[in-house]
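Residue strings, one per chain:
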Amino acid sequence: MENFLVYCEEQLNMSQAARKLYIHRNTLLYRIQQLQQLLNINLQSFKQCTLLYLALKQHEQISK
């Protein structure tokens, strides 16, 4: 969840998100691909990415 949120907050820039997470870019790419397969969505689509981001942020707020 955190990896995806940082990826979105960095404007879908894999390199910047990986730097911010202190992980290798390929590790982040692998995690994003796993999320895509698990949820059966295309995270390179702005609409689908935005919907998932908003849902996770809402869940994060409720959990607090």
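For the structure given in this document, a descriptive report is provided here.

Right, let's get into the environment of leucine 29. Along the chain, leucine 29 falls in helix H3 (residues 25–39). Spatially, the C-alpha atoms of leucine 29 and glutamine 11 are 15 Å apart, while their sequence positions differ by 18 residues.

Attention shifts here to the nonpolar core. As a rule of thumb, soluble globular proteins bury nonpolar side chains together. Membership of the largest hydrophobic core comes to 15 residues, with the highest contact counts inside it found for Phe4, Tyr7, Leu28 and Ile32. Elements represented by at least two residues in this core include exactly helix H1 (2–9), helix H2 (14–21), H3 and helix H4 (46–63). Here this core takes five residues from H1, the largest share from any one element. Those residues in contact with phenylalanine 4, other than ones at most four positions away along the chain, are Ile32, Leu35, Leu43, Cys49, Leu52, Tyr53 and Leu56.

Cut-off values and rules
- All residue numbers refer to position in the chain's written sequence, counted from 1.
- Only residues with pLDDT of at least 70 are given local features in this predicted model, and only at 80 or more are side-chain atom pairs given and counted; all residues enter the totals for whole chains, interfaces and linings.
- Side-chain descriptors were evaluated using all non-hydrogen atoms of the structure, hydrogens and water having been removed beforehand.
- Helix and strand labels come from DSSP, where a helix needs a run of H or I of at least four residues and a strand needs a run of E of at least two; each type is numbered from the N terminus.
- We call a set of buried residues a nonpolar core when its members are Ala, Val, Leu, Ile, Met, Phe, Trp, Tyr or Cys and they connect through side-chain atoms within 4.5 Å of each other.
- Classification of residues uses two cut-offs on accessible area relative to the type maximum, computed with a 1.4 Å probe and protein chains only: under 20% is buried, over 50% is exposed, and between them is partly exposed.
- Residue contacts are counted whenever heavy atoms from the two residues lie within 4.5 Å of one another.

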